Amino acid sequence: MLGILGGDARCPIARALDVVGEKWTLMVVRDALAGATRFSEFQTSLGLPRDVLAGRLDTLVEAGVMARHPYKPDTGRTRDEYVLTPAGHELSLVLLALGDWADRNRPNPGTPNLEFVDPAGERVRPAAVAGDRVLRTEDVTVRRQA
């Protein structure tokens, strides 16, 4: 695979970006995490051309991030809705970390239009954990394996 970046398939970052690295893909996942399931909901939220959105949804379905389920509205033909799989829900942690990074390093003076919360509605933040210790970001490095 590794169509976007090429390179070493052993690299987990390259493998992840092969699925979610195209423009708009993580925004589709964001909308799905917020409850969107229908093509029209994604298109209204993101304003993408139909062919671009269809391509992103196809990639996410093929990668097992979303599943396609047919539904038939009261009027009209059978359509598909797109539901996150467990692998798709795991991307909430990636989006949480990206959003937290942006809040700290690319602040916007306006009110944020989304937040990540736990079941009780309390805002959550990302953390790196080793054993039972929560680490500071400067204590986390990357080690290449031979």
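Thresholds, definitions, all that
- Counting restarts for each chain, with residues numbered from 1 along the sequence as it is written.
- It should be noted that, the model being predicted, local features are given only for residues of pLDDT at least 70 and side-chain atom pairs only at 80 or more, the latter also being counted only at that level, while totals for whole chains, interfaces and linings use all residues.
- Here the side-chain values reflect all heavy atoms present in the structure, with hydrogen atoms and water set aside.
- Here a helix means four or more residues in a row that DSSP labels H or I, a strand means two or more in a row labelled E, and each is numbered from the N terminus.
- A helix is expected to span 1.5 Å multiplied by its residue count minus one.
- What makes two residues a contact is simply this: any of their non-hydrogen atoms within 4.5 Å.
- Throughout, an axis means a line fitted to C-alpha atoms (over the contacting stretch in the case of helices), and angles, computed between N-to-C directions, take values from 0 to 180 degrees.
- Should an angle fall under 35 degrees it is called roughly parallel, over 145 degrees roughly antiparallel, and 65 to 115 degrees roughly perpendicular, with every other angle called oblique.
- The rule is short: rings of Phe, Tyr and Trp, with Trp giving its six-membered ring, pair when the centres are within 6.5 Å, and they are stacked under 30 degrees, edge-to-face over 60, tilted in between.
- Charge over a ring is defined by NZ of Lys or CZ of Arg lying within 6 Å of the ring centre and within 35 degrees of the ring normal.
- Nonpolar cores were defined as sets of buried Ala, Val, Leu, Ile, Met, Phe, Trp, Tyr and Cys residues, with membership established by side-chain atoms within 4.5 Å.
- The buried label goes to any residue with under 20% of its type's maximum accessible area, the exposed label to any with over 50%, and the partly exposed label to all in between, with areas taken from a 1.4 Å probe on protein chains only.
- UniProt positions are given in the numbering used here, feature names are shortened, and annotations may be inferred rather than shown by experiment.
- Of the grid points, spaced at 1 Å and generated over the protein atoms alone, those admitting a 1.4 Å probe that cannot get out make up cavities, while open sets with protein on both sides within 12 Å along at least five of seven lines make up pockets; any residue with an atom within 4 Å of a point is treated as lining.
- Grid points are joined across faces, edges and corners, and a volume is the space filled by probe spheres set on the points.
- Under the scheme applied here, ten amino acids are nonpolar (Ala, Val, Leu, Ile, Met, Phe, Trp, Tyr, Cys and Pro), four are charged (Asp, Glu, Lys and Arg), and all others, including Gly, are polar.

Draft legend 1. Layout of helix α4 (residues 50–62). With 13 residues, α4 ought to run about 18 Å at 1.5 Å a step, and its terminal C-alpha atoms sit 18 Å apart, in line with that. On its buried side, α4 packs onto α1 (12–20), α2 (25–33), α3 (39–46), β1 (66–71) and β2 (79–84). The first or second residue beyond α4 is Gly-64, which carries a positive phi of 80°.

Draft legend 2. Geometry of the packing of α2 against helix α5 (residues 86–105). The geometry of α2 relative to α5 is characterised by a closest axis approach of 10 Å and an angle of 110° between their N-to-C directions. When the axis of α2 is compared with that of α5, the two are roughly perpendicular. Contacts between α2 and α5 involve Leu-26, Val-29, Arg-30 and Leu-33 on the former and, on the latter, Gly-88, His-89, Leu-91, Ser-92, Leu-95 and Leu-98.

Draft legend 3. Looking closely at the packing of aromatic side chains. Going through the model one piece at a time under the given rule, you end up with zero aromatic pairs. In this arrangement the basic side chain of Arg-38 is found over the ring face of Tyr-71, its NZ or CZ atom lying 3.9 Å from the centre.

Draft legend 4. Geometry of the nonpolar core. Within the largest apolar cluster, 20 residues are counted, with the highest numbers of intra-cluster contacts made by Val-28, Phe-42, Leu-57, Val-65 and Met-66. Secondary structure elements with two or more residues in this core: α1, α2, α3, α4, β2 and α5. Per-element accounting of this core gives the leading share, four residues, to α2. Beyond its immediate sequence surroundings of up to four residues, Val-28 is in contact with Phe-42, Leu-46, Leu-53, Arg-56, Leu-57, Leu-60 and Met-66.

Draft legend 5. Geometry of the UniProt feature "domain: HTH hxlR-type" (unreviewed entry) in the protein. Per the UniProt entry, the sites bearing "domain: HTH hxlR-type" (unreviewed entry) are residues 11–110 in this numbering. With 59% helix and 12% strand, residues 11–110 has its two end C-alpha atoms placed 37 Å apart.

Draft legend 6. Highlighting unusual backbone geometry. For Trp-24, which is not a glycine, the phi torsion comes out positive at approximately 85°. Along the chain, Trp-24 turns up in the loop between α1 and α2. Trp-24 sits in the partly exposed class, given a relative accessible area of 31%.

Draft legend 7. Main features of the layout of surface pockets. Here the largest pocket defines a volume of roughly 610 Å³. Looking at the largest pocket, it is lined by 24 residues, and the ones nearest its centre are Leu-98, Gly-99, Ala-102, Asp-103 and Leu-114. Put simply, the parts of the chain that give the lining of the largest pocket at least two residues each are α2 and α5. Tallying contributions element by element places α5 first for the lining of the largest pocket, with eight residues. Per-class residue counts for the lining of the largest pocket are 12 nonpolar, five polar and seven charged. In this structure, the second largest pocket encloses a volume near 380 Å³. Forming the walls of the second largest pocket are Asp-8, Arg-10, Cys-11, Pro-12, Ile-13, Val-142, Arg-143, Arg-144, Gln-145 and Ala-146. When grouped by side-chain class, the residues that make up the lining of the second largest pocket number five nonpolar, one polar and four charged.

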